[in-house]
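# Understanding the architecture of this molecule
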Amino acid sequence: MRTAYSVETVRAAERELMARLPEGALMQRAAAGLAAACADLIGRVYGSRVVLLVGSGDNGGDALYAGARLARRGAAVAAVLLAPERVHPGGLAALLRAGGRIAGSGTGAGAAASAGVGAVEEAILRADLVVDGIVGIGGTGGLRPDAARLAACVGESGAAVVAVDLPSGVDADTGEVRGAAVRADLTVTFGTHKPGLLIDPAREYAGSVRLVDIGLGDVLPAEAELEALQHVDVARLLPVPGAESDKYRRGVVGIAAGSARYPGAAVLAVSGALRGGAGAVRYVGPAGDAVVSRFPETLVSDQGPAKAGRVQAWVVGPGAGDDASTVAEVLEADVPVLVDADGLRLADRDAVRARTAPTLMTPHAGEAAALLGVAREEVEGARLASARELASRYGATVLLKGSTTLVADAAGGVVRVNATGTPWLATAGSGDVLSGLAGSLLASGLSALDAGSAAAYLHGLAGRFAADGAPAGAHDVAEAIPGAWRDVRD
Ligand SMILES: NC(=O)C1=CN([C@@H]2O[C@H](COP(=O)(O)OP(=O)(O)OC[C@H]3O[C@@H](n4cnc5c(N)ncnc54)[C@H](OP(=O)(O)O)[C@@H]3O)[C@@H](O)[C@H]2O)[C@@H](O)CC1
Ligand SMILES: Nc1ncnc2c1ncn2[C@@H]1O[C@H](COP(=O)(O)OP(=O)(O)O)[C@@H](O)[C@H]1O
Ligand SMILES: [K+]
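Just so you know, the residues in each chain are numbered from 1, in the order the chain's sequence is written. Labels are handed out in written order, letters beginning with A for the chains and numbers beginning with 1 for the ligands. Owing to the predicted nature of the model, reporting of local features is limited to residues with pLDDT of at least 70; listing and counting of side-chain atom pairs is limited to 80 or more, with chain, interface and lining totals taken over all residues.

The protein carries the name Bifunctional NAD(P)H-hydrate repair enzyme in an unreviewed UniProt entry, which gives Streptomyces guryensis as its organism. Turning to the protein, the UniProt record has this under Subunit (unreviewed entry): "Homotetramer." UniProt positions are given in the numbering used here, feature names are shortened, and annotations may be inferred rather than shown by experiment.

This is how it looks when you write it as structure tokens:
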């Protein structure tokens, strides 16, 4: 499991750890890891041109100490000081001792970045490596103008960019980016991931992320704010039939989807459900012929959901058009229900809130925006807050789809994030496959949080396998699910 902790939690853990260690020890651990990661990234340190962007906090201190290590290995290191009068004194002294200099000064100590704006920009543009130590977890609000200008200049440079702890300008706790931010090739983060490193849009600014162990793990609480399942975690969740299994024990998933206008949505939801581990897939709705001709193993009912027979979880909504009564009927069932697509629009909020069995809602950003009464961009810019808010309003588990998929429970607690997907998944019908898959996992007994996050994981992986660098249709994604499943279990 990859976990991420909020700034508040990190601060508390940091205090506890610092009290046990000699002063400065944590920063030395951080700087050592940072310098090693920089060296790995650029390959050859000796003779390389390194520019440090140094804010007045400890993030800048990390950059300076790491810069000193690189200077000792023969790099030409120049520090751009955003607030020279408040720079980390020990870090600056270490850099100067190691032969580094202050950018814009030409000679060494004493001059400020403001002494030569042109020189600073030129240094950034000519650098092999830029180390962004402007601001880390101490950042608040969007970058201030001086810092924003530097971030823009970094964007124009061909240098490799390493962010210290976080790319400056992104919100550590939420993944929101307001205004300018540094775009990094690599982010070297200390002690634990921060939620922002795993959630778009900030995740995109971070590049690849390397975690440096500074000993914080021992003092962090058991429950994180955010967690990302890995192969082993998903493998543990996936239902595997035993010797005594039969199709009912494995779970029956009911799919109430499709319409005369959109029969394909029913077929795709069934295609996902058949690969989700349930023992049987039952279909109710007007697309029975289309479903059976593609998947003869489906149990098709011409009755409504209430009379369709035994079902351990329902999926309702994909391609449902305006069939509000089926959505209402499914919501009355005392089994887990997944509500997707048109179902999200048609579901009565009070009916969802009144349910006692789990409900899993699976909106994309546009659907979530409509439910929250805000613009789509607002949801895309603040995914974590949006998923949590929706979960709380509906008293349901919410899986917010997109480049990073989030799954949040109504009661709060840890939020799961999934990043196995690929932009190739942005293709019509791939969400229908996901809802069938997640519904199937619900039917086999997983909680809404586990079913949603395991389904998102498999679906993302299947998308990668199906696309493999070329466009794939939603049905290709469904067909790649068994391969994803095997990959996870291996
Ligand atoms: N946690 C750990 O265990 C360890 C943490 N370590 C490191 O410490 C870092 C945290 O250091 P920190 O607390 O000194 O804060 P930091 O991120 O440098 O920011 C404060 C500075 O930023 C400024 N500033 C604020 N907002 C801004 C904005 N929008 N735009 C521009 N500037 C802005 C703010 O200015 P001020 O408000 O004071 O004027 C102040 O100068 C952490 O990220 C990690 O790198 C490691 O060394 C070891 C272990
Ligand atoms: N840029 C992206 N990167 C990764 N996954 C994506 C991206 N865009 C969409 N997806 C995934 O593709 C699926 C699309 O679902 P959805 O928007 O409901 O499509 P549809 O309604 O056509 O079925 C979701 O699983 C979503 O997470
Ligand atoms: K930074």
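So much for the structure itself; the text now carries on.
## Looking at the domain arrangement of the protein
Boundaries of every domain are those given by an automatic assignment or by a domain database. Once the domains are mapped, the protein shows domain 1 (2–226) and domain 2 (231–489). Put simply, the middle of domain 1 and the middle of domain 2, counted by C-alpha atoms, are 41 Å apart. The contact rule is simple: place each C-beta atom from the backbone, and if two of them lie within 7 Å, those residues are in contact. Facing 13 residues of domain 1, the contacting portion of domain 2 comprises 12 residues. Of the residues in the side of domain 1 that touches domain 2, the class split is six nonpolar, two polar and five charged. Just so you know the grouping, Ala, Val, Leu, Ile, Met, Phe, Trp, Tyr, Cys and Pro go in nonpolar, Asp, Glu, Lys and Arg go in charged, and all remaining residues, Gly too, go in polar.

## So, the site of ligand 2
Near ligand 2, the surroundings consist of 18 residues, among which K401, G421, L425, A426 and G431 are the closest. Among the elements that take part in the shell around ligand 2, helix α18 (residues 430–443) stands out by supplying four residues, more than any other. Here the shell around ligand 2 is built from residues that sort into six nonpolar, 10 polar and two charged. Placing the C-beta atom from the backbone, one calls a residue near a molecule or strand if that atom lies within 6 Å of it. Going along the chain from the N terminus, every DSSP run of H or I of four or more residues is numbered as a helix, and every run of E of two or more is numbered as a strand.

## A word on the sheet that holds strand β4 (residues 101–102)
The seven strands are arranged β4-β3-β2-β5-β6-β7-β8 in an open sheet whose pairing can be described as parallel. Looking at which strands have only one partner, the edges of the open sheet turn out to be β4 and β8 (208–212). Of the pairings in the sheet, the one linking strand β5 (residues 129–133) to strand β6 (residues 160–164) comprises four bridges and is parallel in character. Following the sheet pairing, V131 is matched in β6 by V162. Running at roughly 160° to strand β2 (residues 49–54), helix α3 (residues 58–72) makes contact with β2, β3 (76–81), β5 and β6 of the sheet. In this description, strands pair whenever DSSP reports at least two bridges between them. Working convention: axes come from line fits to C-alpha atoms, limited for helices to the stretch in contact. Angles between N-to-C directions cover 0 to 180 degrees.

## Things to note about the packing of α3 against helix α4 (residues 89–97)
It is the contact of α3 with α4, at a shortest axis distance of 8 Å, that shows an interaxial angle of 15°. Regarding the angle of α3 to α4, the classification is roughly parallel. Crossing hand, α3 versus α4: left-handed. On α4, the residues touching G60, G61, L64, Y65, G67, A68 and A71 of α3 are G91, L92, A94 and L95. The cut-offs work like this: below 35 degrees is roughly parallel, past 145 is roughly antiparallel, 65 to 115 is roughly perpendicular, and the gaps in between are oblique. Take the far helix as your reference; a near helix turned counterclockwise from it by less than a right angle gives a left-handed crossing, and one turned clockwise gives a right-handed crossing.

## Observations concerning unusual backbone geometry
Of note, the bond from D200 into P201 is cis; its omega dihedral lies within 30 degrees of zero at 5°. Examined against the element boundaries, P201 turns out to sit in the loop between β7 (186–190) and α7 (202–206). The residue D165 is not glycine, and still its phi comes out positive at about 70°. Summarising the element assignment, D165 is placed in the loop between β6 and β7. Partly exposed residues are those whose C-beta has more than 12 but fewer than 20 other C-beta atoms within 10 Å; 20 or more makes a residue buried and 12 or fewer makes it exposed, with C-beta atoms placed from the backbone. The buried category is assigned to D165, around which 28 C-beta atoms lie within 10 Å. Even without being a glycine, D468 presents a positive backbone phi close to 45°. Along the chain, D468 falls in the loop between α19 (448–467) and α20 (474–489). The exposed category is assigned to D468, around which 12 C-beta atoms lie within 10 Å.

## Observations regarding the nonpolar core
Each nonpolar core consists of buried Ala, Val, Leu, Ile, Met, Phe, Trp, Tyr and Cys residues. Their C-beta atoms, within 7 Å, join them into a set. The biggest cluster of nonpolar side chains holds 171 residues, and the ones touching the most others in it are V51, L52, V131, I255 and L458. With 10 residues, the top contributor of residues to this core is α19. Counting contributing residues per domain, this core is built from domain 1 (2–226) and domain 2 (231–489), each supplying no fewer than three. Sequence-distant contacts of V131, defined by excluding residues within four places in its chain, comprise C38, V50, L52, L53, A63, A66, G67, V162 and V164.

## Some words on the UniProt feature "domain: YjeF C-terminal" (unreviewed entry) in the protein
Per the UniProt annotation, the sites labelled "domain: YjeF C-terminal" (unreviewed entry) are residues 230–488. Helix makes up 48% of residues 230–488 and strand 14%, and the two end C-alpha atoms of the span are 9 Å apart.

## With respect to the UniProt feature "binding site: AMP" (unreviewed entry) in the protein
This chain's UniProt record puts "binding site: AMP" (unreviewed entry) on K401, G402, S403, T404, T405 and G431. The largest pairwise C-alpha distance within this set of annotated residues, which runs over 31 residues, is 13.9 Å, so the set is compact in three dimensions. In this structure, K401 sits in the loop between β16 (397–400) and β17 (405–408). Residue K401 is classed as buried on the basis of its 25 C-beta neighbours within 10 Å. Apart from the residues lying within four places of it in its own chain, the contact partners of K401 are T362, P363, H364 and G431. Counting through the fold element by element, T404 comes out in the loop between β16 and β17. By C-beta crowding, T404 is classed as buried, having 24 other C-beta atoms within 10 Å. Setting aside anything within four residues of it in sequence, one finds T404 in contact with L198, I199, D200, R203, R383, V417, N418 and A419.

## Here we look at the sheet that holds strand β11 (residues 280–284)
Read from one edge to the other, the open sheet built from 11 strands follows the order β1-β9-β18-β17-β16-β15-β14-β13-β10-β11-β12, with strand pairing classed as mixed. Edge positions in the open sheet fall to β1 (2–4) and β12 (299–301), since each of these has one partner strand only. Pairwise comparison of adjacent strand axes, ignoring direction, gives a mean angle of 20° for this sheet. Sheet topology note: the strand β15 (residues 359–362)/β16 ladder contains two bridges and is parallel.

## Describing the environment of A94
Tracing the backbone shows A94 in helix α4. Judged by C-beta crowding, with 22 C-beta atoms within 10 Å, A94 ranks as buried. Sequence separation of A94 and G61 is 33 residues, and the distance between their C-alpha atoms is 10.0 Å.

## A short note on the packing of helix α15 (residues 365–372) against helix α17 (residues 383–394)
Where α15 contacts α17, the axes come no closer than 11 Å and their chain directions differ by 55°. Judged by the inter-axis angle, α15 sits oblique to α17. Judged by the sense of rotation from one axis to the other, the crossing of α15 with α17 is left-handed. Along its contact with α15, which presents A368, L371 and L372, the element α17 presents S386, E389 and L390. Residue composition of the contact of α15 with α17, by class: four nonpolar, one polar and one charged.

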